[in-house]
Amino acid sequence: MVIYGFNATPTTMTTSRSCGIDNNDNGFRKGERFFALTETQINFYLYIITNPKPMFESPDFPQSLDESIFESWLEAGRDSKIPYEYLMVVWDSLDSKYLPQYAENREEVEKYPRYGSSPEHQTLVAAYDLHSEGRVM
């Protein structure tokens, strides 16, 4: 099995002419670059997609967080009737688990006690923009 596509930098790059594609019937132009993924590469990418690495898997954090749980928290925040802008990942040291907290503005995020520097039992580990999914803290 080989899949063809555009605009990537995999290990196998070739031109349409060398692959025998020399007309516009299939959307390729002469000399246009495209790539081919082998079955091994496809299986690797499928494995990465279906088995994501847990978040916060480091000695700097109390435990890891499954990415599917994190994704569900993002969706819940975006789907909320309250116009939240931020997802805060909070560590609860009494229950030894992560909790989602949502904030409408950056000031709420900045006021939350930080993990590792506060005696509070619920502390902020990270904060993400709900729409861009970029980490803000």
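The numbers attached to residues start from 1 for each chain and follow its sequence in the written order. A pLDDT threshold of at least 70 governs which residues receive local features in this predicted model, and a stricter bar of 80 or more applies before side-chain atom pairs are shown or counted, although totals over entire chains, interfaces and linings include all residues. As a rule here, side-chain values cover all heavy atoms of the structure and leave hydrogens and water aside.

> I would appreciate a short explanation of the side chain of aspartate 92 in the present structure.
Under the scheme used here, helices are H or I runs from DSSP no shorter than 4 residues and strands are E runs no shorter than 2 residues, and both carry numbers assigned from the N terminus. For aspartate 92, the position within the fold is in strand β4 (residues 86-92). Only protein chains enter the accessibility calculation, which uses a 1.4 Å probe; a residue is then buried when its area is under 20% of its type maximum, exposed when over 50%, and partly exposed in between. By the counting rule applied here, Lys and Arg register as positive and Asp and Glu as negative, while His and the ends of each chain are not counted. Within this document, salt bridges are pairs made up of a side-chain nitrogen of Lys or Arg and a carboxyl oxygen of Asp or Glu, the two lying within 4 Å of each other. One buried charged side chain, aspartate 92, makes no salt bridge at all; its nearest oppositely charged neighbour is lysine 97, positioned 7.1 Å away. At a separation of 2.9 Å, a polar atom in the side chain of aspartate 92 contacts the side chain of glutamine 122. Apart from residues lying up to four places away in sequence, aspartate 92 is in contact with Lys97, Leu99, His121 and Gln122. Here a polar contact is taken to be a pair of N or O atoms separated by no more than 3.5 Å, where protein atoms must pair a possible hydrogen donor with a possible acceptor and residues adjacent in sequence count only if both atoms sit in side chains. In what follows, a contact means two residues having at least one pair of non-hydrogen atoms within 4.5 Å.

> Would you mind going over the packing of aromatic side chains with me for this structure?
Two descriptors summarise a pair of aromatic rings, namely the distance from one centre to the other and the angle between the planes of the rings. Each Phe, Tyr or Trp ring (for Trp, its six-membered ring) is paired with any other whose centre lies within 6.5 Å, and the angle between the two planes then decides the class: stacked below 30 degrees, edge-to-face above 60, tilted in between. Enumeration according to the criterion identifies 3 aromatic pairs in this entry. Ring centres of tryptophan 91 and tyrosine 98 lie 5.0 Å apart, and the angle between their planes is 65°; on these two criteria the pair is classed as edge-to-face.

> Please explain the sheet that holds strand β6 (residues 122-129) as it appears in this structure.
By definition, the strands of a sheet pair up through backbone hydrogen bonds, in either a parallel or an antiparallel sense. Criterion used throughout: strands pair if DSSP finds at least two bridges between them. On the basis of which strands lie adjacent, the open sheet formed by 3 strands has the order β5-β4-β6 and antiparallel pairing. Strands with a single pairing partner mark the edges of an open sheet, and in this sheet they are β5 (97-103) and β6. Pairwise comparison of adjacent strand axes, ignoring direction, gives a mean angle of 30° for this sheet. Relative to β5, β4 runs antiparallel, the two sharing 7 bridges. In the strand pairing of β5, tryptophan 91 is matched with tyrosine 98. Only the stretch in contact is used when a helix axis is fitted, and all axes are lines through C-alpha atoms; the angle between N-to-C directions ranges over 0 to 180 degrees. In the packing of helix α2 (residues 67-79) onto the sheet, the strands contacted are β4, β5 and β6, and the crossing angle to β5 comes to about 20°.

> Please explain the pattern of salt bridges as it appears in this structure.
A pair can form between side chains of opposite charge whenever their charged atoms are brought close. Evaluated as defined, the whole model comprises 2 salt bridges. When the shortest N-O distance is used, the salt bridge between arginine 78 and glutamate 133 registers 3.2 Å. In this pair, arginine 78 is assigned in helix α2 and glutamate 133 in the segment after β6, connecting sequence segments 55 residues apart. A relative accessible area of 35% means that glutamate 133 is categorised as partly exposed. When the shortest N-O distance is used, the salt bridge between glutamate 110 and arginine 106 registers 3.8 Å. Taken together, the residues span about one helical turn, with glutamate 110 and arginine 106 both in helix α3 (residues 106-111) at a distance of 4 residues. Exposure remark for glutamate 110: the relative accessible area of 45% places this residue in the partly exposed category.

> I'm lost on the environment of serine 68 in this one. Help?
Locating serine 68 in the fold gives a position in helix α2. Sequence spacing of serine 68 and methionine 55 is 13 residues, and the spatial spacing of their C-alpha atoms is 9.8 Å.

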